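Remarks on the overall topology
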Amino acid sequence: MNWDLFHRSLRARPFWFVTASGVVLMACPAGAQQAAEAPRVEAPQSQPDLQNRDLSTAATDAPASKAADQIGFAADNINYDSDTDIVVAEGNVAMNRDTVDMRADKVTWNRKTGEVVAEGDVAIKNPEGDTAYGDRIVLTDTLRDGVVENLLVVLDNGARLAAVKGTRFDNGNIELENAAYTPCPVADDSGCPKKPSWQVRAVRVIYDRGKNKVRYKGARIEMFGLPLIPLPGLSHPANQEAGSGLLVPEIRLDRSNGFEIAVPYYLRLASDRDLTVTPHIYTSAAPMLEGEFRALTDIGSFRINGYATYSSVVPLNATGPAVNGENEFRGYLESAGRFQFSPRWSLNYSGRIATDRTFMRRYDISRDDRLRSTFELERIGGQSYLSIAGWATQTLRAGDRQGQQPIALPIIDYRQRFADPLLGGQVELQLNTLAIGRTAGQDTQRAFAGAQWNLRGLTGMGQEVTLTALVRGDIYHSDGNLLTAIPGYRGKSGWEGRGIAAMAADMRWPFIGEFAGGTQTLTPRVQIVATPPLKNLDIPNEDSRAFDLEDSNLFAINRFSGYDRFEDGARITYGLEWNYSRPGFNVSSVIGQSYRLSNKPSLFPDGTGLTDRTSDIVGRTTVAYKDFLRLTHRFRLDKDNLAIRRNEFDATIGSRSTYAVLGYSRLNRDILLLGEDLQDREEARVGGRVGFAKNWSIFGSAIIDLTSKNDDPLSVADGFDPIRHRLGVAYDDECLSIALTWRRDYIDTGDAKRGNSFSFRIAFRNLGF
């Protein structure tokens, strides 16, 4: 090769070329002529190939260029034809320019036209981490513009884009012919090639750089290699942000509404807010419109979701095919949000309201029987807490009067803690006020101030002793008391006051030792509580109803759940805690009972476990084995005959893919007062999932009411009444989720009819359109 001629040629047309040895040989001068559009060539194959290429990534051995207009270059052989002004590099060719790296078996550069042709195992990597592979790539000397044959692009997030042919134009637009896109793996766990779970195939894909938009022509979704879903007009943003467009439809079939199809449309309003509008079309009901608005602000976020339709309403207790409701507006509205004004101040709220009691169930939005709306303003300090809250409830239950539902506004609770300077304990001051109103029921206002002192310490023998002293002063006002059905909840009308004082001593004595290859802890526990007599029945009871003795409140100073009732008299509570643990296995159990030292009649109704001086026996046992098994059993035994008054069993067994969830509850409280909030009940629950054939599973669940007339005379159950069940089959992998579900309801509630319903759900993960 004539190196003098080569160097004269370099001087005649200035450029720089940086070799692996450090010799600067090439750079494009400012204002260099842009390459003409590369000629189109026939695609070497008719289908895009998403499989891995047998290549390393585009990391190169070429030295990094020191300026934006320099190219780093390395190759086994370099040849230059001075007559044609063509440079040919062969053998492990590596090039980089402006953080774009390329490798190939052969690179031919025509200095006159600026065309660069890379051939044989070509790979190009951009600064964002995306790598493009091709058999033959025709570029300009910027390494950015040109034509690629048999293109494969592996994005930084793992998604893949392949095309038989790709062209990049001078304005930055890109056009792909016969293209495919998938975010799914194309190899199995053994590294063998496999078809992706789904892919988008298109005749042509166009990237509009000015609009930052990707448009598809002739697009369709293929699942497991089968063309299933056409996507006319598919487009999406070219970046990771969400873009406006149609989402995956939802399909259902049920007895109440017939066949249903819902087609959501997602509208991107701004980077911090969006709107989803979903029309629901039914064959046996009027159409329904659903909308959800979400927004993110500088101090928090909120969302608003609503449903609206104009359809018939069947009265709640009406049954039979002859009952026809009248058409009227029906809907449901909910909203929730949280705002953080400062590190200490925050506000959260949630609101729910429906036009009628059966709308939620008929359209399978929710099976809640009450809709609760709340708000709470909080300030959390180092040793203080302030809450200003309120709530209201809408009942959806048959037989409940809406006018009897309470509206609590406001609820103010303030607490301040500080260390006891004398005895070394901790003192907590509390101020609380509550106002409850009803449109057709009893109204109650309450305020109290209290202080509680706690001192915890260890004796020389290892006993843990906790001393507690509490004082509180209450003031109440109520009216409309006769509108409350249960006399024990009414209290006296007008103003009432009450003073409370209590003292408690609690001693736990843990014994720890080795057992069966693990460690066990046996902890006897004794508690003494003394409280002077209180005029509880003169005070309205709003928040201490439906009491039941259980292991969680056995050692509480006040075993009522709220503030309106406080257990008086003196009592001793005793129990035993046991824990055994070894690697991967743990068993914990507690059992206990209490005895009242006074013979004053009890506030607690018959059947609650605390009616007599000696309480029932309560306990809980929990068994856990790694992540495979968790079993919890709670019980209450009658003190006189050891009859089981409460029996609860919950178990989760299995792995993430195959598991069973079992539950059983029986309340045999033997309560004769039918107005009590909690009646006797027996119920069984079962659910589970069985994985098979990798990624496939069968799932199901059922709830069965076992309550008999002996348990609850008002119950309509006959001892074995299914409430609802579901059964389905699902497919789940890294980028696709499919589920077909059959559900059957066994109870009519107004126009929410019993019967079968079927739903089909499909979710394409990482599909951004």
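Residues numbered from 1 in each chain as written. Predicted model: local features only at pLDDT ≥ 70, side-chain atom pairs only at ≥ 80, totals over all residues. Heavy atoms only, no water.

Remarks on the overall build of the protein chain
- Helices and strands together make up the secondary structure of the protein chain, namely three helices and 43 strands.
- By the burial criterion, 42% of the 769 residues in the protein chain qualify as buried.
- Partitioning the intrachain contacts of the protein chain with sequence separation of at least 6 by distance along the chain shows that 48% fall at a separation of at least 24.
- Of the accessible surface of the protein chain, which amounts to about 39,200 Å², a share of 57% is contributed by carbon and sulfur atoms. (Helix = DSSP H or I, 4+ residues; strand = E, 2+ residues; numbered from the N terminus. Buried < 20%, exposed > 50% of the residue type's maximum accessible area, 1.4 Å probe, protein only. Contact = heavy atoms within 4.5 Å. Areas by Shrake-Rupley, 256 points an atom, 1.4 Å probe, with all protein chains shown as cover.)

Here we look at the packing of aromatic side chains
- Counted by the stated rule, this structure contains twelve aromatic pairs.
- Ring geometry for tyrosine 580 and phenylalanine 585: centres 6.2 Å apart, planes at 65°, overall edge-to-face.
- Taken together, the ring pairs in this structure connect Phe515, Trp578, Tyr580 and Phe585 into an aromatic cluster. (Phe/Tyr/Trp six-rings, centres within 6.5 Å; stacked < 30°, edge-to-face > 60°.)

A few points about the side chain of glutamine 405
- Mapped onto the secondary structure, glutamine 405 falls in the loop between β25 (384–395) and β26 (407–419).
- A polar side-chain atom of glutamine 405 sits 3.3 Å from the main-chain carbonyl oxygen of arginine 401.
- Among residues more than four places away in sequence, those in contact with glutamine 405 are Thr393, Thr395, Asp400, Gly437 and Arg438. (Polar contact = N/O pair within 3.5 Å; in protein donor to acceptor, adjacent residues only side chain to side chain.)

As for a nonpolar patch on the surface
- Taken together, Ile251, Leu253, Phe259, Ile261, Ile281, Leu740, Phe758 and Phe760 make up a surface patch of nonpolar side chains, about 630 Å² in accessible area.
- Secondary structure elements with two or more residues in the nonpolar patch: β16 (250–254), β17 (258–262) and β43 (755–764). (Patch = residues over 30% accessible without salt bridge, like charges linked within 9 Å, V, L, I, M, F, W, Y side chains within 5 Å. Salt bridge = Lys/Arg side-chain N within 4 Å of Asp/Glu carboxyl O.)

Looking at the nonpolar core
- By size, the foremost hydrophobic cluster in this structure holds 45 residues, and its most contacted members are Met102, Val107, Trp198, Tyr216, Met223 and Leu736.
- Residues within four places of valine 107 in sequence aside, it is in contact with Val87, Val88, Ala89, Val93, Met95, Met102, Val116, Val117 and Ala118. (Core = buried A, V, L, I, M, F, W, Y, C linked by side-chain atoms within 4.5 Å.)

Considerations on the pattern of salt bridges
- Under the criterion given, the structure shown has 52 salt bridges.
- Its salt-bridge partner being glutamate 542, residue arginine 545 comes within 3.8 Å of it at the nearest N-O pair.
- By relative accessible area, arginine 545 is classed as partly exposed at 23%.
- For glutamate 542, a relative accessible area of 15% gives the class buried.
- Here aspartate 640 makes a salt bridge to lysine 639, at a shortest N to O gap of 3.5 Å.
- When salt bridges with common partners are traced through the structure, they connect Arg252, Asp254, Glu260, Asp364, Arg367, Arg743 and Asp745 into a single cluster.

Things to note about the pairing of strand β42 (residues 736–745)
- Summarising burial for β42: seven of the ten residues are buried, a large majority.
- Following strand β41 (residues 721–732), the chain reverses through three residues before pairing antiparallel with β42.
- In the sheet, β42 pairs with β43 via ten bridges, with the strands oriented antiparallel. Bridge assignment links aspartate 745 to a residue of β43, and that residue is glycine 755. (Pairing = 2+ DSSP bridges.)

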